[in-house]
Every structure is written in C-alpha cells, then in structure tokens.
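# Summary of structural features
Listed below, chain by chain, are the residues.
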Amino acid sequence: MIKRKMFLFLLTFIVALCPTYVALADNTVLQNQAVDGGVINQNITFIDLSSDHWAYQAISDMNKRGFINGYDDKSFKPANPITRQEFAKLIATSFYLDLPSQTAATFADVQSDLWSYKYVEAAKDYLTGYYPPKGKAFFSPDTNATREDVAVALVKVLGFTQKDLQDPDILSYKFRDIDQISYNLRDYVAIATEKSLINGYDDGTFRPEQPITRAEVASLLYRCIKSSSGDQTNGPTLKASVPVNTTDGTYYVSGQTDKNAKVMINDEEAQVDENGQFREGFKLDKEGTYNIVITAKWSNGKSNSITKKIKFEMPGPTLTVDDLPDTTDINTVSVSGSVQDENGRTPTVYLNDKKISTGYSYFSATANLVEGENTLVFKATNSNGKTTTITKQITYSDNGPSLKIDDIPDTTSLSTVSVSGTVQDKNDDQPIVQLNNVKISNGYSYFSKTVDLQEGENILVFKAINKLGKVTTITKRITWTAGGPALKIDDLPEVVTNQSLSVSGTVSDKNDSNPIVRLNNEKISNGYSYFSKTITLKEGANTLVFEATNSVGKKTTITKTVTLKVNGPVLRVNDLPDSVTKSSLDVSGTVSDINDSFPVVYLNNVKISNGYSYFSKTITLQLGANDLVFKATNSIGGTTTVTKSVYYGN
C-alpha cells in the first residue's frame, strides 16, 4: 500500500507540474464517488459526457485507469458538486491513506455507522472541521466541499506551515472578496495562493464558499498523475555521512535524499523528514572495521546506495583530574576526578602507585605533601590492561598562621582596653595566640582579652604559633592619657533672696565608677553618678567650689558664685477705717519670710506677733489723729514697715 509519503509526493507535483484550467481557477486532488458513497461502474462511456467537454480527456483516462467511476445510470454528472464526506473518501482512496480500525469518533456527526466514517477519520488531519468553544467537534459531511476546503487540504498535506508564508498581505491585493474567506483559514489560503496551489478568478475574486465539481476533480487529478509519470525513472539522490572511527561503538548516520524517498541503513529503515533529511544512531558490540550500506529507494524500486566504512577501536580509560593549584600553604591536598571506560567497566585509579579508586567513575583522595615541590602521578588501568597517566606538580610552602587583630585606637582615656581578633591555620586547628608572651587564645579561631594599661604608650605584641612551629607576629601601640572625671553642675541663679540653696549635678569617670565630689572641701557625693546638697548662704557673694576626684587622683573643678540679697518679711496689714468714734480698735494682718519661719511684728515698737503668720491686736486710741507704725523683722535683720493713720473723735 502507498503510504503518506507517496501522498505527499503526488501533491508536490500539483505545485511543480500541474497547470491550472481557466474555468477552475485551480482545484485540489479528488476522486469521484456516488452521493451515497457506494461503488459504481467503471470503464464505460458516460451518457452525459461528450467528446467536446473541456474535461473529457481527463475523465475518460482516469476512468480507464480505475481511479474514478460513474453512476449506475451510466452518467458521470460532471457539474455535480462534491460533498465533504465524498471529498474525504476521494482523498483517502486516491492517496491510499491507512484506514483506521474502529476507534472513538472525532466528529459528533460522523459516527462509526456512517458509510464515510473510516474515510473521514483517515483524512481528518487534512480537512477542515468545526470546533465550537464547548461541546464536541462536527464535520457537516453532507455539505458541499468548497474551494476554501480544497486550499486548506492542499497546504496541510504538503506540510506547509505559517513560517512558509512569505507575503502575509497577499490575499489583500489578490482578492477583493477576502472578507468572505474564513478568518482562521486565511493563512492556509494565503500559502496556497503564494505557492500557486490555487488561484482566483479573472474578476479578482477567490469565491471561498463555491463548491468544487466532479469534472474539476477529475481534471486536476488527471493532470497531476500524467505529469508525474516520469518522475522516478532514476533512483533518488543520496548524500550520507558516517564517522571514520568510533571509540565507544556508537555512531550516527546522517544525510539527505529526495522528498518521499525511503532510506535503509544496513537493511534497517531510517526516519526521513519532510525535507528528505535523516539521522539515525547505531551501536557496535565488538571492535573491528564495519561496512555501512545506505540505500535510498523510490516506491517503484529505483534506488541509489552508498557504502561507508567505520572502525571501532576502544582507547584506554578516559581519565580526568580536577584542577589543582600550582602552590599551596597546606600540608595536605584533596585530589579528585573521574574515570570512564568505553567497555562499560570502571577502571582502577592509582595515585603514586597507591590504589585510590575501584569500581566508581568518581574518585577522591587526600595526599600528604612535603615542603617544596611534590609530584602526583595519576594512573587509570582498565580490564584490558590499557593505561592512561596524568602527572601534576604542586609546591607546598608553610607561611604560618593567619592572624588578624581587630582595630585598636591609637589613644584612649581608659585604663583598660579590650583586644580581640581571629587566628586560623591551614595545618593546625588550634594555633596558640600570645599577647606580650602570655597565652590568651582559648582553642577557638576567635580570641579576646581585656588589657590593663599604664599611663603613656603601651606596646602590645600579638604572636600566633602553629604546631609546626611557624610564627606570625603583629605589634600594636596604644597611649593612655588619664583625664579627670566628667563633672556637671546643674544651673544655679546668680542672685537669690533665700539663704538656703539646693545644688546638684552629675559625675562620671571612665576609670572609676564612684569618683568623689566635694563642695568647698566638704564631701557631698553619695557613691552615685547623681549628687545633691542644700547649703546655707551668707549675705552677699558666696563662692561655691565643686571638685571631683577619681581613683587615679585626676581632678575636675567647677566654681560657681551666688549672691544672697537679704529682704525684709512680707507684711500685710488688713484694712483700717480712716476715722472711728470709739477709743478701741482691732488691727490684724499676715507676715511671712523665706528665710525665717517666725518673723517678729511690732506696732509702734510694741511686739504684737504670736509666732504665727497671722497676727491681731486690740489697741486704745487717743482723741484726734493716731499714727500706727507696723514693723516686721526677720532673723537675718531684714525689716519691713507699714504705716496707717486713724482719727478718733465724735
């Protein structure tokens, strides 16, 4: 049976060789069928076809060859349209497509009990179906096959895709009825037009929905078969490539032949793509020289052959050693790599004649180094005794531990300094760290220590020593300048009227947590950073000297001056009348003083206060004007006087 390759071959000649009949515009390759799909008479003279019919020769010749038939009434009905299911059968039978066994129906309206079911299923990849957004696809088997259907079928069977379209706008200027072409099929129609598979009409139309007739089918099929009658007189062209050697027994045969030719490689069929290209892989079991015969055949038996030779010879193991440094400061080195052998067995690997791997493709080992240059010889040996050797050189030089000291200030006002850093050694997990010859490391890579300083310059010598005796030294310098405490006095007024004054402030020292604070040589601090004291001032200027001293004898002094201005008590006499008619009179008032809780009050030099802020007295007036002089005196000599006048008479 001629398979799809023959189908594609015949359709290729539609493009290359078949002229287009004017009345057809152009047609697809079809066969005639009765409307019901039944078998009808062959090799007869059709009663409705005269010798002057434009398709007479094509219909008669195709009928004699048994490719097309007429109807039981001896008619051909050349102008009758072809239905879509008839079109499917014509494609399937004309090009000997494989008819499927009973399978699930692709289309809802073409079930297995329909006469055209197997033909529609065989040709479905080349025919336009209808696929709604939801539900099952349908085929519409009884509707007429259209020019649009023909264009799509031609493009699909020839294997053209969108990438083959050179001019995406070809339909716009070729046909004025482009809007009538189904939108999702326009690329197919464009390719068919561009490849001259189908043309339009003289009036500039394509007529996509116009049915195709039986006569058009017969004419197109006749011209294609006739044009292709001499296409296989010689064998197909053939180019092939085979490697000269293989080391693992595998090789590929690739090449180029004509489209639709069959390729055999040592009697095995190769896959040939739509462009005639092929590539197949093979595996040889034993070493030796082999002949590879590549043959390309037409379906008519014509062929061309090429013979190539290939030699299979297995090499020694494939040995790869991972990169190694030229130099190192570590007394051991990790080596690794991979080994493979084409005979399928993993070779044995040696390092300086010591076995380091057997049975695994990956190997790794640790090599001990001596100071200076070291030669590492890797050797892989397979089961056939074949050996591969790789030599590496590495120089080992021990530079001592890697010592890093964290930043230390050049100067400080603190009596101690914290030093820290890290130490590492590629040959010792726990190198020793010393500071001024005293061990300070604790077995870890990180170390820290608090160091007491002397006033002035201090030299710190850090030394790291590994187990091989290699030493790394770092020297640091730091100068300690001891300062006095930080003393701050809270704001004080320059002038006050109250002889009691609260003083306060803060003191801190980087080298002493409890510096002493004195005021006028009297200790006033209480062991905390904050201090306060209430003092008694003398009238006039008072000098206050604050002095803070730390544990190393450094002092900070602040001097303040506060002036005490003495005022008399605050004296208030309650209102008195200007004149009275009685000889007795009650007087009263209030007195207060910020420096004396009990100021004395006098009336006309007679003491009338009773030790409280409120005072009162009943006095006897004389006839006429009476002057009343109130005087308040505090304990520090401050005096306040208030004078009143009261007239006594009728």
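Note that the structure is predicted; figures quoted are calculated from it, not measured.

## So, the sheet that holds strand β33 (residues 570–573)
One open sheet holds the three strands; their spatial order is β33-β35-β38, and the pairing between them is antiparallel. With partners counted over all chains shown, the strands left at the sheet margins are β33 and β38 (614–620), one partner each. On average, adjacent strands in this sheet sit at an angle of 25° to one another, irrespective of strand direction. Direction of pairing for β33 relative to strand β35 (residues 584–592): antiparallel, over a ladder of four bridges. Bridging from a neighbouring strand, valine 570 pairs with serine 592 of β35.

## A word on the packing of aromatic side chains
As enumerated under the stated definition, the model contains nine aromatic pairs in all. Summarising the aromatic geometry, the rings of phenylalanine 46 and phenylalanine 76 are spaced 5.2 Å apart at their centres and angled 45° between planes, so their arrangement reads as tilted. Linking phenylalanine 46 in the loop between α1 (4–16) and α2 (56–64) with phenylalanine 76 in the loop between α2 and α3 (84–94), this pair joins segments that are 30 residues apart in sequence. Note on phenylalanine 107 and phenylalanine 139: the rings are 5.2 Å apart at their centroids and 45° apart in plane angle, and the pair reads as tilted. With a gap of 32 residues between them, phenylalanine 107 in the loop between α3 and α4 (117–123) and phenylalanine 139 in the loop between α4 and α5 (147–157) connect regions that are remote in the sequence. Residue class for phenylalanine 107 comes out buried when judged on its relative accessible area of 1%. Its relative accessible area of 1% is what places phenylalanine 139 among the buried residues. In this arrangement the basic side chain of lysine 77 is found over the ring face of tyrosine 71, its NZ or CZ atom lying 4.4 Å from the centre. Of note, arginine 84 hangs over the ring of phenylalanine 139, and the distance from its end group to the ring centre comes to 4.3 Å.

## Digging into the side chain of asparagine 542
With respect to the helices, strands and loops of the structure, asparagine 542 is situated in strand β31 (residues 540–549). A distance of 2.7 Å separates a polar atom in the side chain of asparagine 542 from the backbone oxygen of lysine 538. Dropping the residues within four chain positions of it, asparagine 542 is found in contact with Leu537, Lys560, Thr561, Val562 and Leu564.

## Description of the environment of lysine 124
Along the chain, lysine 124 falls in the loop between α4 and α5. Take lysine 124: its relative accessible area is 32%, and that puts it in the partly exposed class. Considered as a pair, lysine 124 and phenylalanine 139 are 15 residues apart in the sequence and their alpha carbons are 9.4 Å apart. A distance of 3.0 Å separates polar atoms of two side chains, one belonging to lysine 124 and the other to threonine 106.

## So, the pairing of β35
As judged from the seven bridges shared by β35 and β38, these two strands associate in the antiparallel manner. In the strand pairing of β38, aspartate 586 is matched with threonine 618.

## A short note on the environment of glycine 505
The topology assignment puts glycine 505 in strand β27 (residues 500–508). We classify glycine 505 as buried; its relative accessible area is 0%. Sequence separation between glycine 505 and isoleucine 489 is 16 residues; the distance between their C-alpha atoms is 4.3 Å. Contacts of glycine 505, omitting those with residues within four sequence positions, involve Lys488, Ile489, Asp490, Ser529, Tyr530 and Phe531.

## Some words on unusual backbone geometry
Residue aspartate 267 is not a glycine yet carries a positive backbone phi of 70°. Within the secondary structure, aspartate 267 sits in the loop between β4 (262–265) and β5 (268–269). What makes aspartate 267 exposed here is its relative accessible area of 73%. Even without being a glycine, asparagine 521 presents a positive backbone phi close to 70°. Examined against the element boundaries, asparagine 521 turns out to sit in the loop between β28 (516–519) and β29 (522–523).

## Concerning the pairing of strand β23 (residues 456–465)
Here strand β20 (residues 432–435) pairs with β23 via four bridges, running antiparallel. Within the sheet, the bridge partner assigned to leucine 435 lies in β23 and is phenylalanine 462. Strand direction decides the pairing type here: β23 and strand β24 (residues 471–480), joined by 10 bridges, are antiparallel. Bridge pairing in β24 links valine 461 to threonine 475. The antiparallel pairing of β23 with β24 creates a hairpin that spans five residues between the two strands, and glycine 469 there sits at a positive phi of about 85°.

## Structural notes on the sheet that holds strand β10 (residues 327–328)
Across the sheet, which stays open at both edges, the five strands sit in the order β10-β16-β15-β12-β13 with mixed pairing between neighbours. One side of each edge strand has no neighbouring strand; the edge strands of this open sheet are β10 and β13 (354–358). Here 10 bridges tie strand β15 (residues 372–381) to strand β16 (residues 387–396), and the two strands are oriented antiparallel to one another. Opposite threonine 381, over in β16, you have threonine 387 as the bridge partner.

## Section: the confidence of the model for the protein chain
Any region with low pLDDT has predicted coordinates that should not be read closely. Across the protein chain, the average pLDDT comes to 83, with 89% of residues at or above 70. With pLDDT under 50 throughout, residues 1–42 is counted as low confidence; its partners more than four residues away or in other chains account for 143 contacts. Ignoring residues within four places in sequence, the model shows residues 227–233, a span with pLDDT below 50, making 13 contacts including any to other chains.

How each quantity is defined
- Residues numbered from 1 in each chain as written.
- Predicted model: local features only at pLDDT ≥ 70, side-chain atom pairs only at ≥ 80, totals over all residues.
- Heavy atoms only, no water.
- Pairing = 2+ DSSP bridges.
- Helix = DSSP H or I, 4+ residues; strand = E, 2+ residues; numbered from the N terminus.
- Axes fitted to C-alpha atoms, helices over the stretch in contact; angles between N-to-C directions.
- Phe/Tyr/Trp six-rings, centres within 6.5 Å; stacked < 30°, edge-to-face > 60°.
- Buried < 20%, exposed > 50% of the residue type's maximum accessible area, 1.4 Å probe, protein only.
- Lys NZ or Arg CZ within 6 Å of the ring centre and 35° of its normal.
- Polar contact = N/O pair within 3.5 Å; in protein donor to acceptor, adjacent residues only side chain to side chain.
- Contact = heavy atoms within 4.5 Å.
- pLDDT = per-residue confidence, 0-100.

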